[in-house]
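Reading the structure
Below, each chain spelled out in residue letters.
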Amino acid sequence: MDVVAVKPGSFLEITREERFFCSLLTHALLSSIMLREGLFARLGDVTEIDLDPQPGATEIYSEVAWLRDHWRNLGDPRFWSPELEDARKRFLAHCLVALGRRLDDIAEQPFFRTTGAHPKVVSPGRWPIAALAGDSELRDLKWAFNAKPDFILVCGNRALIIEAKVESDPGRTASGYSQDGTQGVLSRLLPAVSPYLDPEQVSRAWLAREAIDSHSPTVTWAEIAGLVERTPVDDLDEFSRRGLMRFADRAAASGARSES
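Residues numbered from 1 in each chain as written. Predicted model: local features only at pLDDT ≥ 70, side-chain atom pairs only at ≥ 80, totals over all residues. Heavy atoms only, no water.

The next thing to look at is the packing of aromatic side chains. On inspection of all chains with the given rule, the structure shows seven aromatic pairs. Aromatic side chains Phe91 and Phe145 sit 6.1 Å apart centroid to centroid with 75 degrees between the ring planes, which places their arrangement in the edge-to-face category. Here Phe145 lies in helix α5 (residues 136-145) and Phe91 lies in helix α4 (residues 82-98), a separation of 54 residues in the sequence. The exposure class assigned to Phe91 is buried, which follows from its relative accessible area of 8%. These aromatic residues form a ring-pair network of at least three members: Phe20, Phe21 and Phe239. (Phe/Tyr/Trp six-rings, centres within 6.5 Å; stacked < 30°, edge-to-face > 60°. Helix = DSSP H or I, 4+ residues; strand = E, 2+ residues; numbered from the N terminus. Buried < 20%, exposed > 50% of the residue type's maximum accessible area, 1.4 Å probe, protein only.)

This is the structure in structure tokens:
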């Protein structure tokens, strides 16, 4: 199928924002069962996670702050109570066990609670990185709390984390942060805080212009473009179709530049 030309000067020609194109993909997956069938089959091939493409069978989340939002759902910190304190400690205990640690290991650390007349257990996402130097599990927990994967697909007791990349590589910092490693930690923590998930049925993948150097597999934007091309006109609006095709073209061009 030929891509309909984008009018000169259209912002669609120049936008580089990955989140925009991920939102188009979210819309496309919710709109088209054929697109879901194609992508879910491909993801199943590379991850062995079986996602059901039937309407409503697989939940599709984008920009997912899984741990942060579960933490906030324990209770409103503006209305503190002993029950909320206990709920936060139980939540942290589940997370730490998944990483081979115990709550008692950190309960007396200064970063664990706020100061003042009514100390409160602090979210790991707010623990100061300087206080965690040399403790890789606690740093991993902090980074996982702040992680927001582009997609998490949930089907029954199964879940798949997907991180999308186009012009950038997986993030790394001098402090030891690795986006690849953090996504791996997150895949261990999802079932720890959401016990309906089977730990053996939680996996992850990349969506990128070319294979990412990772233990997790990559699905390429070119493969997405191929699925979009085969999607019936009645299944997907023209703007979303054009946008995803343009994004696939941009990903391919970026890959060609990186090889030159």
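Having seen the model, we can carry on.
Because an α-helix completes one turn every 3.6 residues, residues spaced three or four positions apart along the sequence face the same direction. Its 17 residues give α4 an end-to-end C-alpha distance of 25 Å, which sits within 8% of 24 Å, the value for a rise of 1.5 Å per residue. Of the residues making up α4, those classed as buried are Leu84, Glu85, Ala87, Arg88, Phe91, Leu92, Cys95 and Leu96. Summarising the contacts, the buried residues of α4 are in contact with α3 (66-73), α5 and α6 (179-193). Positive phi appears at Gly100, one or two residues downstream of α4, with a value of about 80 degrees. (Expected span 1.5 Å × (residues − 1). Contact = heavy atoms within 4.5 Å.)

Moving on to the sheet that holds strand β2 (residues 151-155). Read across the open sheet, the five strands follow the order β1-β2-β3-β4-β5; overall the sheet is mixed. The sheet terminates laterally at β1 (59-62) and β5 (218-220), the two strands that pair on one side only. Within this sheet the neighbouring strands show an average axis-to-axis angle of 25 degrees, counted without direction. With six bridges joining them, strand β3 (residues 158-164) and strand β4 (residues 202-208) adopt parallel strand pairing. Bridged to Ile162 within β4 is Ala205. Lying on the sheet, helix α7 (residues 221-230) is in contact with β3, β4 and β5; it crosses β5 at an angle near 50 degrees. (Pairing = 2+ DSSP bridges. Axes fitted to C-alpha atoms, helices over the stretch in contact; angles between N-to-C directions.)

Moving on, we come to α6. The end-to-end C-alpha separation of α6 is 20 Å, in line with the 21 Å expected for 15 residues at 1.5 Å each. Within α6, twelve of the 15 residues are buried, which leaves the element mostly enclosed by the surrounding structure. Looking at α6, one finds that the buried residues are Gln179, Asp180, Thr182, Gln183, Gly184, Val185, Leu186, Ser187, Leu189, Leu190, Pro191 and Val193. Against α3, α4, α5, β2, β3 and β4 lie the buried residues of α6.

On to the pairing of β3. Counting buried residues in β3 gives seven out of seven residues, a clear majority hidden from the surface. Alternating positions in β3 separate into two faces, Arg158, Leu160, Ile162 and Ala164 on one and Ala159, Ile161 and Glu163 on the other, with burial throughout. Between the parallel pair β3 and β4, the chain is carried across by α6, and the sense of this crossover is right-handed. (Right-handed = clockwise from strand over helix to strand, strands pointing away.)

This paragraph deals with the packing of α4 against α5. Following both chains from N to C, one finds α4 and α5 inclined at 120 degrees, their axes separated by 11 Å at the closest point. As for the relative orientation of α4 and α5, their crossing is right-handed in sense. Where α4 approaches α5, its residues Phe91, Leu92, Cys95 and Leu96 are matched on the opposing element by Leu138, Leu141 and Phe145. Partitioned by chemical class, the residues of the contact of α4 with α5 number seven nonpolar, no polar and no charged. (Left-handed = near helix turned anticlockwise from the far one by under 90°. Nonpolar A, V, L, I, M, F, W, Y, C, P; charged D, E, K, R; others polar.)

With that settled, the discussion passes to the side chain of Ser194. Mapped onto the elements, Ser194 comes out in the loop between α6 and β4. The buried category is assigned to Ser194, whose relative accessible area is 1%. Within the structure, the side chain of Ser194 is placed 3.1 Å from the side chain of Trp66, a separation counted as a polar contact. If near-sequence neighbours (up to four positions away) are discounted, Ser194 is found in contact with Trp66 and His70. (Polar contact = N/O pair within 3.5 Å; in protein donor to acceptor, adjacent residues only side chain to side chain.)

A word on the pattern of salt bridges. With the rule as written, the count across this model stands at 16 salt bridges. Note that Asp76 is salt-bridged to Arg78, the shortest N-O span being 2.7 Å. The exposure class assigned to Asp76 is buried, which follows from its relative accessible area of 18%. Exposure remark for Arg78: the relative accessible area of 66% places this residue in the exposed category. (Salt bridge = Lys/Arg side-chain N within 4 Å of Asp/Glu carboxyl O.)

The next thing to look at is the pairing of β4. Remember that side chains alternate between the two faces of the sheet whenever the strand is regular. Of all seven residues in β4, seven are buried; the element is thus mostly enclosed. Side-chain alternation along β4 places Val202, Arg204, Trp206 and Ala208 on one buried face and Ser203, Ala205 and Leu207 on a second face that is also buried. Both β4 and β5 contribute to a ladder of three bridges, which runs parallel. By the bridge assignment for β5, Trp206 is matched with Thr218.

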